[in-house]
Amino acid sequence: MGSGHPSHDFQQLALGLRAYRQQIIASNIANADTPGYKAVDIDFQDALRNAQAATNVPPVSLTTTSAGHLPGQSTGTPPPIPLKYHVPSQGSVDGNTVEMDVERAKFAENTLMLKFSMDRVSGHFKHEIEMLQSLK
C-alpha cells in the first residue's frame with residue numbers, strides 16, 4: 001500500500017484479495033474428491049470493504065517512558081477475512097460439498113478479475129517508470 005494515489009491503493013488491495021480468493025477456490029477444486037471436505041469461499045465485497053476500513057485506521061503511537069526506549073508505531077494486524085462455507089444444491093454421500101461446476105465458474109470469474117487488477121497495478125508502475133526515465 002501507500003503508492004500515494006487512492007485508486008492505485010485500491011487496486012493493490014483488490015489484487016491481494018483476488019489472489020487469496022484464487023487460492024481458496026483452487027483448494028476447493030483440489031479437494032473435490034476428499035471425503036468430508038467442506039468447500040469455502042470469501043465474500044469478496046465484504047472483505048474489500050473491511051480491508052479498506054482497516055487501511056484508514058491510523059497507527060497506534062507507542063509511548064516511551066525512558067530515554068533508552070525506542071520510539072515506534074504499532075501498525076496493528078489486518079482483520080481476518082471470514083471464510084464462508086458453501087451449501088451445495090445436492091448433498092453427497094461422503095459429505096464433500098465441492099460442486100465442480102460452481103467452483104470452475106467462480107475460478108474463471110475470479111481469474112478475469114485478478115487479471116484486471118494485475119493490469120491496473122502494473123500499468124500504474126509502468127507509468128511511474130516512464131515518468132522517472134523521462135527525468136534523465
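Sequence order as written defines residue numbering, which begins from 1 separately in each chain. pLDDT decides what is reported in this predicted model: residues at 70 or higher carry local features, side-chain atom pairs at 80 or more are listed and counted, and totals for whole chains, interfaces and linings draw on all residues regardless. Side-chain measures here rest on the full set of heavy atoms in the structure, leaving out hydrogens and waters.

## Some points on the pattern of salt bridges
And step 1. Here, a salt bridge means any side-chain nitrogen of Lys or Arg that lies within 4 Å of a carboxyl oxygen of Asp or Glu. Taken as a whole and assessed by the stated rule, the structure comprises five salt bridges.
And step 2. With a closest N to O distance of 3.5 Å, Asp 101 and Arg 104 form a salt bridge. Of the two residues, Asp 101 and Arg 104 are both situated in helix H3 (residues 100-134); the distance of three residues between them amounts to about one turn of the helix.
And step 3. Buried residues are those whose accessible area, probed at 1.4 Å on protein chains only, stays under 20% of the maximum for their type, while exposed residues exceed 50% and partly exposed ones sit between those limits. For Asp 101, a relative accessible area of 62% corresponds to the exposed category.
And step 4. Here Lys 115 makes a salt bridge to Asp 119, at a shortest N to O gap of 3.0 Å. Here the residue Lys 115 and the residue Asp 119 both occupy positions in helix H3, the gap between them amounting to four residues, near one helical turn.
And step 5. Given a relative accessible area of 47%, Lys 115 falls into the partly exposed group. Numbering of helices and strands starts at the N terminus; helices are DSSP runs of H or I of at least 4 residues and strands are runs of E of at least 2.

## Considering the environment of Met 100
And step 1. When you line up the elements, Met 100 lands in helix H3.
And step 2. Each C-alpha atom, one on Met 100 and one on Ala 30, is 10.0 Å from the other, the two residues being 70 residues apart in sequence.
And step 3. What makes two residues a contact is simply this: any of their non-hydrogen atoms within 4.5 Å. In this structure Met 100 touches Ile 29 and Ala 32, once residues within four positions along its chain are discounted.

## Digging into the nonpolar core
Where a protein is soluble and globular, its nonpolar side chains tend to be buried together.
And step 1. Residues grouped as a nonpolar core are buried Ala, Val, Leu, Ile, Met, Phe, Trp, Tyr and Cys residues, joined through side-chain atoms within 4.5 Å. If you look at the biggest cluster of nonpolar residues, it comprises 10 residues: Leu 13, Ala 14, Leu 17, Ile 24, Val 40, Ile 42, Phe 44, Ala 47, Leu 48 and Ala 51.
And step 2. Of all elements in the fold, only helix H1 (6-30) and helix H2 (44-55) reach the threshold of two or more residues within this core.
And step 3. In this view, Ala 51 contacts Leu 13 and Leu 17; residues no more than four positions away in its chain are not counted.

## Describing the side chain of Asn 110
And step 1. Within the fold, Asn 110 resides in helix H3.
And step 2. When its relative accessible area of 0% is taken as the criterion, Asn 110 is described as buried.

## Observations concerning empty space enclosed by the protein
And step 1. Only protein atoms enter the 1 Å grid used here, on which a cavity is any set of points holding a 1.4 Å probe that cannot leave and a pocket is any open set flanked by protein within 12 Å on both sides along at least five of seven lines; residues with an atom within 4 Å of a point are listed as lining. Grid points are joined across faces, edges and corners, and a volume is the space filled by probe spheres set on the points. As enumerated under the stated definition, the model contains one cavity of 30 Å³ or more in all.
And step 2. Surrounding the largest cavity, Asp 43, Asp 46, Ala 47, Asn 50, Ile 81 and Pro 82 form its lining.
And step 3. By residue class, the composition of the lining of the largest cavity is three nonpolar, one polar and two charged. Gly counts as polar in this scheme, as do all residues outside two lists: the nonpolar Ala, Val, Leu, Ile, Met, Phe, Trp, Tyr, Cys and Pro, and the charged Asp, Glu, Lys and Arg.

## A few points about the packing of aromatic side chains
Two aromatic rings are characterised by how far apart their centres lie and by the angle between their planes.
And step 1. Two aromatic rings from Phe, Tyr or Trp, using only the six-membered ring of Trp, form a pair when their centres are within 6.5 Å; if the ring planes differ by under 30 degrees the pair is stacked, by over 60 it is edge-to-face, and anything between is tilted. Using the criterion set out here, one finds zero aromatic pairs in the structure.
And step 2. Here, a charge over a ring is recorded when the distance from Lys NZ or Arg CZ to the ring centre is within 6 Å and its angle to the ring normal is within 35 degrees. The positively charged end of Arg 18 is found above the aromatic ring belonging to Phe 44, 3.6 Å away from the centroid.

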